[in-house]
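Structural features, examined
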Amino acid sequence: KAGVTQTPRYLIKTRGQQVTLSCSPISGHRSVSWYQQTPGQGLQFLFEYFSETQRNKGNFPGRFSGRQFSNSRSEMNVSTLELGDSALYLCASRVAGDFTDTQYFGPGTRLTVL
Amino acid sequence: SQKIEQNSEALNIQEGKTATLTCNYTNYSPAYLQWYRQDPGRGPVFLLLIRENEKEKRKERLKVTFDTTLKQSLFHITASQPADSATYLCALEGGSQGNLIFGKGTKLSVKP
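Quick summary incoming for the structure in this document. (Residues numbered from 1 in each chain as written. Chains lettered and ligands numbered in written order. Predicted model: local features only at pLDDT ≥ 70, side-chain atom pairs only at ≥ 80, totals over all residues. Heavy atoms only, no water.)

**A few points about empty space enclosed by the protein**
Residues and elements named next belong to chain B. A complete count under the given rule lists one cavity of 30 Å³ or more for this structure. Roughly 30 Å³ of internal volume is contained in the largest cavity. Considering the residues around the largest cavity, the lining is formed by Gln2, Lys3, Ile4, Thr26, Tyr28, Leu92 and Ile101. (1 Å grid on protein atoms, 1.4 Å probe; cavity = no way out; pocket = protein on both sides within 12 Å on 5 of 7 lines; lining within 4 Å. Points joined across faces, edges and corners; volume = space filled by probe spheres on them.)

Below is the structure:
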């Protein structure tokens, strides 16, 4: 099976712009989670989608949003970009969203905000 | 609030030795704990999951312990090799939100 894929791999934006990142989960996986990773804060949970519904949400401002499509592919959007949004954005998929299911991470999208 | 700490940011050991990484948590009683490996430029890769009623779990050269009294997990790599060099992350079930909470990781360097 193909692994989790994320596009684009690298992105450079300027402050105030918005960005959309894409994640394709492993075939058959219905849960997709998004994380932000920075050197200072480590890996932080953004949100999780399961069967097209947001099931959990982390402590991030409303500028961060996401959605999931019927084929389980997911997108996340960040509006009004700030310098502090520069990070590696990772998505992870798992079969059904049970917390003991193994999470499979994608390679991430490296976002740089100038 | 829930807090998870990996005591060492970096750990340097000699090839062939046992690496021991520590994960401590506070203000929480997780039902399980997971360990991941992350290489530069890549996403984390799942290694092991241990449940609260399991004291120890092994997988090849890896061993994880889970002490719910001490609120601590230890991750051991025996007969370490340079290829084991990576950042290792522990993660807990996040409680009410149901998400995973990750520690900041320990960067392990195994010297030949």
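**Remarks on the state of the cysteines**
Tallied over the full model, the rule gives two disulfides over all chains. The partner cysteine of Cys23(A) in its disulfide is Cys91(A), sulfur to sulfur 1.9 Å. Here Cys23(A) and Cys91(A) share a disulfide; its torsion about the S-S bond, 70°, makes the bridge right-handed. Of this pair, Cys23(A) sits in strand β3 (residues 19–24) while Cys91(A) sits in strand β9 (residues 87–94), and the two are 68 residues apart along the sequence. We note that Cys23(A), like Cys91(A), is buried. Disulfide partner of Cys23(B): Cys90(B), at an S-S distance of 2.0 Å. Across the disulfide from Cys23(B) to Cys90(B), rotation about the S-S bond amounts to roughly 70°, and the bridge is consequently right-handed. With Cys23(B) in strand β3 (residues 19–26) and Cys90(B) in strand β9 (residues 86–93), this pair connects stretches of sequence that are 67 residues apart. Take Cys90(B): its relative accessible area is 0%, and that puts it in the buried class. (Disulfide = S-S within 2.5 Å. Helix = DSSP H or I, 4+ residues; strand = E, 2+ residues; numbered from the N terminus. Buried < 20%, exposed > 50% of the residue type's maximum accessible area, 1.4 Å probe, protein only.)

**Section: the packing of aromatic side chains**
Following the criterion strictly, the structure yields 12 aromatic pairs over all chains and no others. Where Tyr35(A) meets Phe45(A), the ring centres are 5.8 Å apart and the plane angle is 65°; that geometry is what we call edge-to-face. Here Phe45(A) lies in strand β5 (residues 42–50) and Tyr35(A) lies in strand β4 (residues 31–38), a separation of 10 residues in the sequence. Ring centres 5.4 Å apart and planes at 55° place the aromatic pair Tyr36(B) and Phe102(B) in the tilted group. A residue pair is termed long-range when its members are at least 10 positions apart, and Tyr36(B) in strand β4 (residues 32–38) and Phe102(B) in strand β10 (residues 100–102) qualify at 66 residues. In this structure Phe102(B) comes out as buried when scored by relative accessible area, which is 7%. An aromatic cluster is present here, built from Tyr35(A), Phe45(A), Phe105(A), Tyr36(B), Phe46(B) and Phe102(B) joined pairwise through their rings. In this structure, Arg55(A) is placed above the aromatic ring of Phe50(A), and the distance from its NZ or CZ to the ring centre is 4.6 Å. (Phe/Tyr/Trp six-rings, centres within 6.5 Å; stacked < 30°, edge-to-face > 60°. Lys NZ or Arg CZ within 6 Å of the ring centre and 35° of its normal.)

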